[in-house]
Amino acid sequence: MNPFTFASGGVLRGDRYDIGKATMLDLIRIAYRVPPETIIGGPNWLEFDRFDIAAKAPAESSPETVRKMLQSLLVERFHLAVHNDMRPMPAYVLLLGAGRPKLMESSGAGEQDCKYVDQPAESTTYALSCRNIAMAAFAARLRSMVSDYVRDPVIDATGLEGTWDFDLQWTRRSAVLPAGTGRMTVSDAIEKQLGLKLELREAPAPVLVIDRVDQPTPNAPDVSKRLPPRPRAFEVADLKLSKTGERGYPSYTRGGIHGAGLPLMPMLGFAWDMNTVHTTLRIVGLPKGIESVYFDVNAKTPEHTNGPAIEPDSGFDDDLRAMMRTLLVERFRIKWHYEDRPMDAYSLVSAKPKLQGADPANRASCHTARSLANDPRDANPLLSQLISCRNVTIAQFASKLQQIDDYRFAYPAEDATGIEGRWDFDLNFTPGEMFERTSAGRGVGAPEPNGAISLPEAISKQLGLRLEKRKRMLPVVVIDHMELKPIEN
């Protein structure tokens with residue numbers, strides 16, 4: 001009823017497996033455990049149409065077995081056919097610098113690892129301490145460790161054998177520095193501190209090529225009756241008002257949710273599957289004083305639901321949201337219903353379009369841009385979001401906007417441009433939360449001397465389109481009754 005815009009699930013709970021709101025690109029990357037950018041080809045709906053999958057599998061199935069089952073499902077129901085290939089793809093190459101490497105040869109003793117070094121809360125830097133690490137292992141891990149700069153694989157071409165000890169420190173890509181302060185990018189840090197070079201090139205890389213994929217065949221008439229029931233309640237839950245004044249954040253795992261000093265209002269947003277900053281926009285009828293209610297919770301899922309996760313972040317799955325909803329409804333005596341009401345939501349309209357016709361050889365896509373030489377995200381760190389859209393309709397672009405900046409959009413945007421055809425464009429802007437933070441203290445309409453550009457401004461200036469608020473009939477959660485003091489455990 002209120003689908004948030006990100007795929008969720010991928011967890012085998014007991015003998016039931018669920019994935020929700022997943023594109024075909026999501027399903028393929030999960031099933032074959034490959035990065036999405038290495039999936040080549042496919043129809044223009046691959047990254048836009050979303051699917052829910054519920055399936056039954058033996059409870060003891062390993063993650064690898066479940067992935068094989070998902071592959072079989074995609075073949076049977078979507079007629080998916082793929083093959084492996086090698087294609088030139090963007091990649092970083094780690095090379096020797098002009099002089100001697102600034103590395104210390106390791107004694108070979110101790111753990112082989114690179115670890116983050118804690119920095120002060122106000123720091124604009126990240127730091128790594130690497131000990132007893134081989135260059136090939138360092139290159140393999142570099143992408144995940146410095147993901148704010150490096151979005152492509154890293155290949156070791158240093159030729160250095162053995163293991164090494166070194167430290168590396170760089171400026172966070174999105175950090176806004178005081179005037180006169182120099183920025184240390186990851187490439188700068190690797191060159192100046194390690195005596196190596198990190199260059200963006202094209203290199204042969206393994207890819208998964210889609211030969212065929214169709215819309216799914218219909219479900220069998222009785223399939224829902226044969227599925228195991230979905231868990232909707234915690235096995236046990238301790239919930240009480242927080243009286244210590246402590247303020248905290250929830251911890252989500254496949255085994256449950258716990259935390260102290262949790263604010264009730266955003267937790268309602270989590271339970272009803274929305275970005276929690278929009279709770280008061282999507283849930284109406286909240287009682288006065290709710291913003292001052294904090295609670296402690298320690299809730300455990302049924303033992304049989306603790307199945308193996310297919311994805312690392314799958315603690316944020318719809319089962320946990322449903323269990324939290326059941327708990328809050330019960331303990332705060334909530335009576336509620338869904339209702340369509342006229343709500344303010346963004347529509348994308350035409351102004352003076354500045355659009356370039358698409359190259360039809362590309363599959364329709366709209367996502368964060370990969371690594372670029374002379375990247376505009378480095379020239380102005382406040383413009384930290386760069387979206388690359390290729391071969392998309394304006395309707396497809398509008399459907400992605402909530403996912404692109406979910407802080408700004410309480411509801412999905414609608415396409416009201418009337419523009420037909422397919423287009424290629426890039427969009428560079430300051431994400432909603434960052435824009436709001438950096439703009440704090442300035443009056444409405446004040447200039448932005450720091451270089452921040454909101455998403456609506458970027459759409460206007462860079463695409464010649466316009467976002468405007470209009471009334472639309474949209475679903476809201478209506479609270480008919482709610483108490484602010486939970487019933488006792």
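Given the structure is predicted, the values throughout are model-derived calculations rather than measurements.

Procedures and definitions
- Throughout, residues of each chain are indexed from 1 in the direction in which the sequence is written.
- pLDDT decides what is reported in this predicted model: residues at 70 or higher carry local features, side-chain atom pairs at 80 or more are listed and counted, and totals for whole chains, interfaces and linings draw on all residues regardless.
- To get the side-chain values, take all heavy atoms of the structure and skip hydrogens and water.
- For this analysis, a ring pair means two rings from Phe, Tyr or Trp (six-membered ring only for Trp) whose centres lie within 6.5 Å, classed as stacked if their planes differ by under 30 degrees, edge-to-face if by over 60, and tilted for the remaining angles.
- Helix and strand assignments come from DSSP, with helices taken as H or I runs of at least 4 residues and strands as E runs of at least 2, each series counted from the N terminus.
- Whether a charge sits over a ring depends on NZ of Lys or CZ of Arg being within 6 Å of the ring centre and within 35 degrees of the ring normal.
- By the convention used here, strands pair only if DSSP detects at least 2 bridges between them.
- Salt bridges are defined as contacts in which a side-chain nitrogen from Lys or Arg sits within 4 Å of a carboxyl oxygen from Asp or Glu.
- When accessible area is computed with a 1.4 Å probe and restricted to protein chains, residues below 20% of their type maximum are described as buried, those above 50% as exposed, and intermediate ones as partly exposed.
- Inter-axis angles, ranging from 0 to 180 degrees, are taken between N-to-C directions of lines fitted to C-alpha atoms, where helices are fitted over the stretch in contact.
- Angles are sorted into four bins: roughly parallel if under 35 degrees, roughly antiparallel if over 145, roughly perpendicular if 65 to 115, and oblique for all others.
- For any helix crossing, the convention is left-handed if the near helix is rotated counterclockwise from the far helix by under a right angle, and right-handed if that rotation is clockwise.
- Contact criterion: two residues are considered in contact whenever any of their non-hydrogen atoms come within 4.5 Å of each other.
- In this classification, the charged set is Asp, Glu, Lys and Arg, the nonpolar set is Ala, Val, Leu, Ile, Met, Phe, Trp, Tyr, Cys and Pro, and all remaining amino acids, among them Gly, are polar.
- The definition used for a disulfide is geometric: two cysteine sulfur atoms within 2.5 Å.
- Each helix should span, by expectation, one fewer than its residue count multiplied by 1.5 Å.
- The set of buried Ala, Val, Leu, Ile, Met, Phe, Trp, Tyr and Cys residues whose side-chain atoms join them within 4.5 Å is what this entry labels a nonpolar core.
- Scored from 0 to 100, pLDDT reflects the predictor's confidence in each residue.
- A 3.5 Å cut-off defines polar contacts: any pair of N or O atoms within that distance qualifies, except that in protein one atom must be a possible hydrogen donor and the other a possible acceptor, and neighbouring residues in sequence count only when both atoms are side-chain atoms.

Peer 1: Any chance you could explain the packing of aromatic side chains here in plain terms?
Peer 2: A complete count under the given rule lists eleven aromatic pairs for this structure. Between Trp-272 and Trp-336, the ring centres sit 5.1 Å apart and the planes meet at 90°, which makes this aromatic pair edge-to-face. Placement of the pair is Trp-272 in the loop between α6 (264-271) and α7 (279-282) and Trp-336 in strand β17 (residues 335-350), with a sequence separation of 64 residues. An aromatic cluster of three or more residues is present, and its members are Trp-45, Phe-51 and Phe-78. Across the ring face of Tyr-294, the terminal group of Arg-247 is positioned such that the distance to the ring centre comes to 3.5 Å. A cation over a ring is seen here: Lys-469 above Tyr-346, with NZ or CZ 4.9 Å from the ring centre.

Peer 1: Sorry if this is basic, but what is going on with the pairing of strand β14 (residues 256-263) here?
Peer 2: For a regular strand, side-chain orientation follows a simple rule: the groups alternate between the two sheet faces. Here three bridges tie strand β13 (residues 251-253) to β14, and the two strands are oriented antiparallel to one another. If you follow Tyr-252 over to β14, its bridge partner there is Ile-257. The antiparallel pairing of β13 with β14 creates a hairpin that spans two residues between the two strands. Judged from the six bridges that link them, β14 and strand β16 (residues 294-300) form a sheet pairing that is antiparallel. The residue of β16 that forms the bridge with Pro-263 is Tyr-294.

Peer 1: Got a minute to help me understand the pattern of salt bridges in this structure?
Peer 2: For side chains of opposite charge, pairing can occur when their charged atoms come near one another. Enumeration over the complete set of coordinates arrives at 32 salt bridges. In this structure, Asp-18 and Arg-16 form a salt bridge, with 2.7 Å as the shortest nitrogen-oxygen distance. Taken as a pair, Asp-18 and Arg-16 share a single burial class, namely buried. Between Arg-173 and Asp-375 there is a salt bridge whose closest N-O contact spans 3.1 Å. Remark: Asp-375 occurs in the loop between β19 (365-368) and α9 (376-379) and Arg-173 occurs in the loop between β10 (163-171) and α4 (186-194); sequence separation between them is 202 residues. Across the pair, exposure class does not vary: Arg-173 and Asp-375 are buried alike.

Peer 1: Which parts of the structure should I look at to understand the packing of helix α1 (residues 24-32) against helix α2 (residues 63-78)?
Peer 2: The relative placement of two packed helices comes down to the angle between their axes together with the axis-to-axis distance. The geometry of α1 relative to α2 is characterised by a closest axis approach of 8 Å and an angle of 140° between their N-to-C directions. Taken as axis vectors, α1 and α2 run oblique relative to one another. The handedness of the crossing between α1 and α2 is left-handed. Two secondary-structure elements touch here, α1 through Met-24, Leu-27, Ile-28, Ile-30, Ala-31 and Tyr-32 and α2 through Arg-67, Leu-70, Gln-71, Leu-74 and Phe-78. Partitioned by chemical class, the residues of the contact of α1 with α2 number nine nonpolar, one polar and one charged.

Peer 1: Help me out: how do you make sense of the sheet that holds β14 in this one?
Peer 2: Sheet architecture is open: four strands sit in the order β12-β16-β14-β13, paired in antiparallel fashion. The sheet is open, and its two edges are formed by β12 (236-241) and β13, each paired on a single side. Averaged over all neighbouring strand pairs, the angle between strand axes comes to 10°, with direction disregarded.

Peer 1: Explanation requested: the state of the cysteines in the structure shown.
Peer 2: Linking two cysteines covalently through their sulfur atoms gives a disulfide. All told, the structure shown has two disulfides when counted by the stated rule. Note that Cys-114 is cross-linked by a disulfide to Cys-130, the S-S spacing being 2.0 Å. Because the sign of the S-S torsion sets the handedness, a value of about 120° for the bond joining Cys-114 and Cys-130 places this disulfide among the right-handed ones. Of this pair, Cys-114 sits in strand β7 (residues 113-116) while Cys-130 sits in strand β8 (residues 125-134), and the two are 16 residues apart along the sequence. Relative accessible area serves as the criterion here: at 5%, Cys-114 is assigned to the buried category. The disulfide that involves Cys-366 links it to Cys-389, with 1.8 Å between the sulfurs. Of this pair, Cys-366 sits in strand β19 while Cys-389 sits in strand β20 (residues 385-392); the two residues are 23 residues apart in sequence, bridging distant segments of the chain. We classify Cys-389 as buried; its relative accessible area is 0%.

Peer 1: Can you help me understand the environment of Pro-431 in this one?
Peer 2: With respect to the helices and strands, the residue Pro-431 is situated in the loop between β22 (423-429) and α11 (432-438). In contact with Pro-431, other than residues within four places in its own chain, are Leu-382, Ser-384, Gln-385 and Asp-405.

Peer 1: What is the right way to read helix α8 (residues 318-331) from this model?
Peer 2: Quick reminder: α-helices carry 3.6 residues per turn. Residues three or four places apart thus point the same way. Given a rise of 1.5 Å per residue, 14 residues ought to cover 20 Å, and the 20 Å separating the end C-alpha atoms of α8 matches this to within 8%. The buried fraction of α8 is high, at ten of 14 residues. Among the residues making up α8, those that are buried are Asp-318, Asp-319, Leu-320, Arg-321, Ala-322, Met-323, Met-324, Leu-327, Leu-328 and Arg-331. Among the residues trailing α8, Arg-333 stands out with phi positive, at a value near 50°.

Peer 1: I keep staring at the side chain of Asp-318 and nothing clicks. Help me out?
Peer 2: Among the secondary structure elements, Asp-318 is positioned in helix α8. When its relative accessible area of 18% is taken as the criterion, Asp-318 is described as buried. Once you skip the residues sitting within four places of it in the chain, Asp-318 turns out to touch Ser-8, Gly-20, Lys-21, Arg-230 and Asp-273.

Peer 1: Before we go on, may I ask you to explain the nonpolar core in this structure?
Peer 2: Nonpolar side chains tend to gather and get buried jointly when the protein is soluble and globular. Counting residues in each nonpolar core, the largest one holds 29 residues, and the members touching the most others are Phe-397, Leu-401, Leu-427 and Ile-459. Broken down by secondary-structure element, the contributors of at least two residues to this core are β17, β20, α10 (394-404), β22, α12 (455-463) and β23 (465-481). For this core, the leading source of residues is α10, giving five residues. The residues contacting Phe-397, other than those within four sequence positions of it, are Leu-348, Cys-366, Cys-389, Val-392, Ile-404, Phe-425, Leu-427, Ile-459 and Leu-463. One finds Leu-262, Ile-283, Leu-320 and Met-323 within the second-largest nonpolar core, a separate group that totals 28 residues.

Peer 1: Please clarify how the confidence of the model for the protein chain should be interpreted in this entry.
Peer 2: Should pLDDT be low for a region, the predicted coordinates there are not to be read in detail. Looking at the protein chain, the pLDDT average stands at 90 and 94% of residues meet or exceed 70. This stretch, residues 443-448, has a pLDDT under 50; its non-local contacts, to residues over four places away or in other chains, come to four contacts.

Peer 1: Sorry, what's going on with the side chain of Arg-377 here?
Peer 2: Among the secondary structure elements, Arg-377 is positioned in helix α9. Residue classification places Arg-377 among the buried residues on the basis of a relative accessible area of 1%. Reaching out from Arg-377, the side chain makes a polar contact with the backbone oxygen of Ala-369 at a distance of 3.3 Å. Residues within four places of Arg-377 in sequence aside, it is in contact with Arg-151, Arg-173, Thr-368, Ala-369, Arg-370, Ser-371, Leu-372, Leu-383, Ser-384, Leu-386 and Asn-428.

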